[in-house]
Amino acid sequence: MKATQKDFKSIAPRAVREARVFFLCGQDDAGIQDAAQLLVELLPDAGERIELAGADLRKDPARLGDEARSTSLFGGSRHILVRASGDEAHDAIEAMLQGESEPCPVIVMASSATDKSRTAKLLAGRPDALMAMFYPPDLRSVSSAVRDMAGAAGVKLGGDLAERIARAAALDTRIAASEVAKLALYLDATPQAPRTADAETFEAIGARTEDDGLMPLVNAVLSGDVQRLPGELRRMRELGLNPVGLLLAVERRAAQLAQLAAKIGRSGDIERFVEAETAARRIFFKDKGDILRQLQKWRGPRLSRLVEKLIGLHRALLANSQQAELLLAQGLTEIARVAAPRK
């Protein structure tokens, strides 16, 4: 079975009944995590969760099959969640599928893989597997998702505020969901007793916008502004900004740059292209200058290496949450130095 973010929710209920392996790939990390959570919620009996790393499965491909066919410590059902990069889990999945008995549900989150990867091709034609591709979201789709979240929480809001929340969340639906939850709590809103939110309400809950929250640091890093970076990192510590949330914002911009760079090609006129995308409202006018500078720095192999660096940094933060702030500061400084103008 195959799916994209457009039809995933309609396919997922059937998939959890028929499939045992779910391969979620693409550049939309938030969408992949949302999809994984939905699959777990739809499982008739999710039971115990076992989390495995793709790097470990690459070293020991037999481990996935062993875990998928093992009995839970408490004798109940179980499911496996794998966080992988690219095709790290390919050999492990292939070996597991060759087993005789039915495995427990295995959900693979591979944010750096695509529907052309070896793992995707392995699973695409199988009736007992689901391969879903998640592309980077655009402002319109995230704004629509914000309105849906708000409606489900009993919060009425207009399109302008939904768009503002989407921008403030750097197009990350997980961050947007937390903002909607804060609005509902502040307004004492429920689906049975809905309340209307406006710009003043949003400001009252202390939500940070792109002007005073995440994006100044993102732009300092990807634009190579090493002079401004120390002040932004200090502000990160003073405000207690979440390291993973900040990294997700950098990943979002990197994914946007990758999408734009693919449209430009090797010999395109970057300035003219950015002007056209801004006029078409695919680039927010306030982001125009930053995106132009960053596209001039991050293209081709250099952009690919940036994405790989961010994936590795994300893993490091999740594996060592106590040192997340320090690891993030070190990683972002390294990226900024690469982007800085050569003297």
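Structure first, text after, so check above.
From a predicted model like this one, the values you see are computed outputs, not experimental measurements. (Residues numbered from 1 in each chain as written. Predicted model: local features only at pLDDT ≥ 70, side-chain atom pairs only at ≥ 80, totals over all residues. Heavy atoms only, no water.)

Look at helix α13 (residues 243-264) against helix α15 (residues 288-297): their axes get within 10 Å of each other, and the N-to-C directions meet at 70°. What the angle tells us is that α13 and α15 run roughly perpendicular. Of the two possible hands of crossing, α13 and α15 adopt the one that is right-handed. On α15, the residues touching Arg253, Gln256, Leu257, Leu260, Ala261 and Ile264 of α13 are Asp290, Ile291, Gln294 and Leu295. Of the residues belonging to the contact of α13 with α15, the class tally is six nonpolar, two polar and two charged. (Axes fitted to C-alpha atoms, helices over the stretch in contact; angles between N-to-C directions. Helix = DSSP H or I, 4+ residues; strand = E, 2+ residues; numbered from the N terminus. Parallel < 35°, antiparallel > 145°, perpendicular 65-115°, else oblique. Left-handed = near helix turned anticlockwise from the far one by under 90°. Contact = heavy atoms within 4.5 Å. Nonpolar A, V, L, I, M, F, W, Y, C, P; charged D, E, K, R; others polar.)

Backbone geometry at Asp188 places phi at a positive 55°, although glycine is not the residue there. Residue placement: Asp188 occurs in the loop between α9 (173-187) and β8 (195-196).

Any two side chains of opposite charge can pair, on the condition that their charged atoms come close. All chains considered together, the criterion is met by 20 salt bridges. Taking the shortest distance from any N to any O, the salt bridge between Asp225 and Arg228 comes out at 3.0 Å. Relative accessible area serves as the criterion here: at 32%, Arg228 is assigned to the partly exposed category. Residues joined in a network through salt bridges with shared partners are Asp225, Arg228, Glu232 and Arg235. (Salt bridge = Lys/Arg side-chain N within 4 Å of Asp/Glu carboxyl O. Buried < 20%, exposed > 50% of the residue type's maximum accessible area, 1.4 Å probe, protein only.)

With that out of the way, let us pick up the sheet that holds strand β6 (residues 129-134). Strands sit in the order β1-β6-β2-β5-β4-β3 across an open sheet of six strands; the sheet is parallel. Only two strands of the sheet have a single neighbouring strand rather than two, namely β1 (2-4) and β3 (48-53). Put simply, the sheet's adjacent strands are angled 20° from each other on average, direction ignored. As paired strands, β1 and β6 are joined by three bridges and run parallel to one another. Counterpart to Ala3 in the pairing with β6 is Ala132. (Pairing = 2+ DSSP bridges.)

On to the packing of aromatic side chains, then. All chains considered together, the criterion is met by one aromatic pair. When the ring of Phe8 is compared with that of Phe134, the centres are 5.5 Å apart and the planes differ by 65°; the resulting orientation is edge-to-face. With Phe8 in helix α1 (residues 8-18) and Phe134 in strand β6, this pair connects stretches of sequence that are 126 residues apart. Residues Phe8 and Phe134 agree in their burial class; the two are buried. One residue, Arg302, lies across the ring of Trp298, its end atom 5.4 Å from the ring centre. (Phe/Tyr/Trp six-rings, centres within 6.5 Å; stacked < 30°, edge-to-face > 60°. Lys NZ or Arg CZ within 6 Å of the ring centre and 35° of its normal.)

This paragraph deals with the side chain of Thr201. Along the chain, the position of Thr201 falls in helix α10 (residues 199-204). Of note is the side chain of Thr201, whose polar atom sits 2.7 Å from the side chain of Asp198. Those residues within four positions of Thr201 in sequence are excluded, and the remaining contacts are Leu183, Tyr186 and Leu187. (Polar contact = N/O pair within 3.5 Å; in protein donor to acceptor, adjacent residues only side chain to side chain.)

Moving on, we come to helix α17 (residues 324-339). Between its first and last C-alpha, α17 extends 22 Å over 16 residues, near the 22 Å set by a 1.5 Å rise per residue. Those residues of α17 lying buried are Ala324, Leu328, Ala329, Gly331, Leu332, Thr333, Ile335, Ala336 and Ala339. Of the surrounding elements, those touching the buried residues of α17 are α11 (215-222), α12 (229-239), α13, α15 and α16 (300-319). (Expected span 1.5 Å × (residues − 1).)

Turning next to the nonpolar core. By size, the foremost hydrophobic cluster in this structure holds 62 residues, and its most contacted members are Leu222 and Leu295. At 10 residues, the largest contribution of residues to this core is made by α13. When sequence neighbours within four positions are dropped, the list of residues in contact with Leu222 reads Val250, Arg253, Ala254, Leu257, Gln294, Lys297, Trp298, Leu306, Ile335 and Ala339. Formed by 26 residues, the second largest nonpolar core is a distinct cluster that contains Ile50, Leu52, Leu57 and Ile80. (Core = buried A, V, L, I, M, F, W, Y, C linked by side-chain atoms within 4.5 Å.)

Moving on to helix α14 (residues 270-279). Regarding α14, the residues found buried are Ile270, Phe273, Val274, Glu277 and Thr278. Summarising the axial view, the buried residues of α14 lie within an arc of 130°, below the 170-degree limit, and thus occupy one face. Those residues of α14 that are exposed and aimed more than 90 degrees away from the buried face are Arg272 and Ala279. In this structure, the buried residues of α14 make contact with α13 and α15. Measuring from the side-chain oxygen of the N-cap residue of α14 to the backbone nitrogen of Glu271 gives 3.2 Å; that N-cap residue is Asp269. One or two positions beyond α14, positive phi appears at Arg281, with a value near 65°. (Arc of directions from axis to C-beta.)

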